[in-house]
Amino acid sequence: MAKEELNAEEPEIIYIPDDEGNEEEFEVIMKFEVESGKFQGNKYMMVVPVEVEESDEETDEVYAFRYEEDGDDLKLYTIDDEDEWNEVEETFNTLVAELDNEEEA
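Here is what the cut-offs are and how they apply
- Residues numbered from 1 in each chain as written.
- Predicted model: local features only at pLDDT ≥ 70, side-chain atom pairs only at ≥ 80, totals over all residues.
- Heavy atoms only, no water.
- Helix = DSSP H or I, 4+ residues; strand = E, 2+ residues; numbered from the N terminus.
- Buried < 20%, exposed > 50% of the residue type's maximum accessible area, 1.4 Å probe, protein only.
- Contact = heavy atoms within 4.5 Å.
- Core = buried A, V, L, I, M, F, W, Y, C linked by side-chain atoms within 4.5 Å.
- Pairing = 2+ DSSP bridges.
- Expected span 1.5 Å × (residues − 1).
- pLDDT = per-residue confidence, 0-100.

Regarding its fold elements, the protein chain presents one helix and six strands. A burial count over the protein chain gives 23% of its 105 residues as buried. Within the protein chain, residue pairs in contact and separated by at least 24 positions form 41% of the contacts whose partners lie at least 6 positions apart.

Here it is as C-alpha coordinates:
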(Lines give C-alpha, C1' and ligand atoms only; values in the text may rest on other atoms or scores of the structure.)
Protein backbone atom coordinates (compact mmCIF):
# COMPACT_ATOMS: atom_id res chain seq x y z
CA MET A 1 0.00 0.00 0.00
CA ALA A 2 2.03 2.98 1.21
CA LYS A 3 4.91 4.00 3.42
CA GLU A 4 4.01 6.95 5.58
CA GLU A 5 5.62 9.54 7.77
CA LEU A 6 3.60 11.24 10.44
CA ASN A 7 4.55 14.37 12.27
CA ALA A 8 4.25 13.40 15.92
CA GLU A 9 6.78 15.96 17.07
CA GLU A 10 7.44 19.46 15.84
CA PRO A 11 5.35 20.31 12.77
CA GLU A 12 7.08 20.62 9.41
CA ILE A 13 6.28 23.98 7.82
CA ILE A 14 6.68 24.70 4.11
CA TYR A 15 6.02 27.85 2.09
CA ILE A 16 4.08 27.69 -1.17
CA PRO A 17 3.59 30.73 -3.41
CA ASP A 18 0.01 31.62 -4.30
CA ASP A 19 -1.19 32.86 -7.71
CA GLU A 20 0.08 36.37 -6.90
CA GLY A 21 3.52 35.20 -5.78
CA ASN A 22 2.85 35.67 -2.05
CA GLU A 23 4.28 32.85 0.05
CA GLU A 24 1.65 31.02 2.07
CA GLU A 25 2.57 28.97 5.14
CA PHE A 26 1.45 25.32 5.26
CA GLU A 27 1.92 22.54 7.80
CA VAL A 28 2.78 19.11 6.42
CA ILE A 29 0.40 16.65 8.09
CA MET A 30 1.44 13.50 6.24
CA LYS A 31 3.92 12.19 3.70
CA PHE A 32 3.61 8.86 1.97
CA GLU A 33 4.93 6.91 -0.98
CA VAL A 34 2.75 4.78 -3.21
CA GLU A 35 4.24 1.29 -3.28
CA SER A 36 2.20 -0.39 -6.00
CA GLY A 37 0.21 0.26 -9.12
CA LYS A 38 0.51 2.86 -11.83
CA PHE A 39 1.94 5.53 -9.50
CA GLN A 40 4.42 3.28 -7.67
CA GLY A 41 7.37 5.18 -6.27
CA ASN A 42 5.68 8.58 -6.33
CA LYS A 43 5.89 10.55 -3.09
CA TYR A 44 3.02 12.69 -1.84
CA MET A 45 2.44 15.15 0.96
CA MET A 46 -0.75 16.41 2.51
CA VAL A 47 -0.66 19.98 3.82
CA VAL A 48 -3.02 22.36 5.60
CA PRO A 49 -2.85 26.15 5.73
CA VAL A 50 -1.27 27.47 8.94
CA GLU A 51 -3.04 30.82 8.97
CA VAL A 52 -6.79 30.69 8.84
CA GLU A 53 -8.72 33.93 8.47
CA GLU A 54 -10.34 34.93 11.75
CA SER A 55 -13.68 35.18 9.96
CA ASP A 56 -13.36 31.53 8.91
CA GLU A 57 -14.32 28.86 11.34
CA GLU A 58 -12.26 25.70 11.49
CA THR A 59 -11.44 24.66 7.97
CA ASP A 60 -11.13 21.18 6.52
CA GLU A 61 -8.87 22.32 3.68
CA VAL A 62 -6.27 19.68 2.94
CA TYR A 63 -4.07 19.99 -0.14
CA ALA A 64 -2.15 17.18 -1.78
CA PHE A 65 1.02 17.49 -3.83
CA ARG A 66 3.39 15.04 -5.47
CA TYR A 67 6.89 15.96 -4.39
CA GLU A 68 10.54 15.26 -5.11
CA GLU A 69 13.46 16.06 -2.85
CA ASP A 70 16.83 16.99 -4.27
CA GLY A 71 19.13 17.64 -1.33
CA ASP A 72 17.60 20.61 0.48
CA ASP A 73 15.39 21.50 -2.49
CA LEU A 74 11.74 20.47 -2.41
CA LYS A 75 9.83 20.41 -5.69
CA LEU A 76 6.02 20.29 -5.52
CA TYR A 77 3.77 19.21 -8.36
CA THR A 78 0.02 19.61 -8.56
CA ILE A 79 -1.99 16.46 -9.15
CA ASP A 80 -3.90 17.02 -12.38
CA ASP A 81 -4.49 13.41 -13.42
CA GLU A 82 -7.84 12.09 -12.14
CA ASP A 83 -6.53 8.52 -11.70
CA GLU A 84 -3.53 9.79 -9.75
CA TRP A 85 -5.78 11.98 -7.57
CA ASN A 86 -8.08 9.02 -6.84
CA GLU A 87 -5.06 6.90 -5.82
CA VAL A 88 -3.75 9.64 -3.51
CA GLU A 89 -7.18 10.25 -1.96
CA GLU A 90 -7.77 6.53 -1.38
CA THR A 91 -4.32 6.08 0.19
CA PHE A 92 -4.76 9.14 2.42
CA ASN A 93 -8.21 7.99 3.60
CA THR A 94 -6.86 4.49 4.32
CA LEU A 95 -3.95 5.87 6.36
CA VAL A 96 -6.24 8.20 8.32
CA ALA A 97 -8.60 5.29 9.06
CA GLU A 98 -5.65 3.18 10.26
CA LEU A 99 -4.57 6.01 12.56
CA ASP A 100 -8.07 6.37 13.95
CA ASN A 101 -8.18 2.62 14.65
CA GLU A 102 -4.80 2.76 16.43
CA GLU A 103 -5.97 5.66 18.61
CA GLU A 104 -9.13 3.79 19.59
CA ALA A 105 -7.20 0.63 20.55
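Text resumes after the structure shown.
Now for the nonpolar core. Met30, Phe32, Val34, Phe39, Tyr44, Met46, Ala64, Ile79, Val88, Phe92 and Leu95 together form the largest nonpolar core, which totals eleven residues. Listed by contribution, the elements that provide at least two residues to this core are β3 (23-34), β4 (43-49) and α1 (82-104). With sequence-adjacent residues up to four places away left out, tyrosine 44 is seen in contact with Met30, Lys31, Phe32, Val34, Phe39, Phe65, Arg66, Tyr67, Ile79, Glu84 and Val88. In this structure, Ile14, Phe26, Val47 and Phe65 belong to the second largest nonpolar core, which totals eight residues.

Here we come to the pairing of strand β2 (residues 12-17). Judged from the six bridges that link them, β2 and β3 form a sheet pairing that is antiparallel. Looking at β3, one finds that isoleucine 14 is bridged to phenylalanine 26.

Quick look at the side chain of glutamate 84 now. Relative to the elements of secondary structure, glutamate 84 occurs in helix α1. Beyond its immediate stretch of four places on either side in the chain, glutamate 84 contacts Phe39, Asn42, Tyr44, Arg66 and Ile79.

The terminal C-alpha atoms of α1 lie 33 Å apart, and with 23 residues this matches the ideal 33 Å at 1.5 Å per residue to within 8%. Every buried residue of α1 is listed here: Glu84, Val88, Thr91, Phe92 and Leu95.

Time to look at the confidence of the model for the protein chain. For the protein chain, per-residue confidence averages 84 on the pLDDT scale, and 83% of positions sit at 70 or higher. Mean pLDDT across the elements of the protein chain bottoms out in strand β1 (residues 2-6) (51) and peaks in β4 (94).

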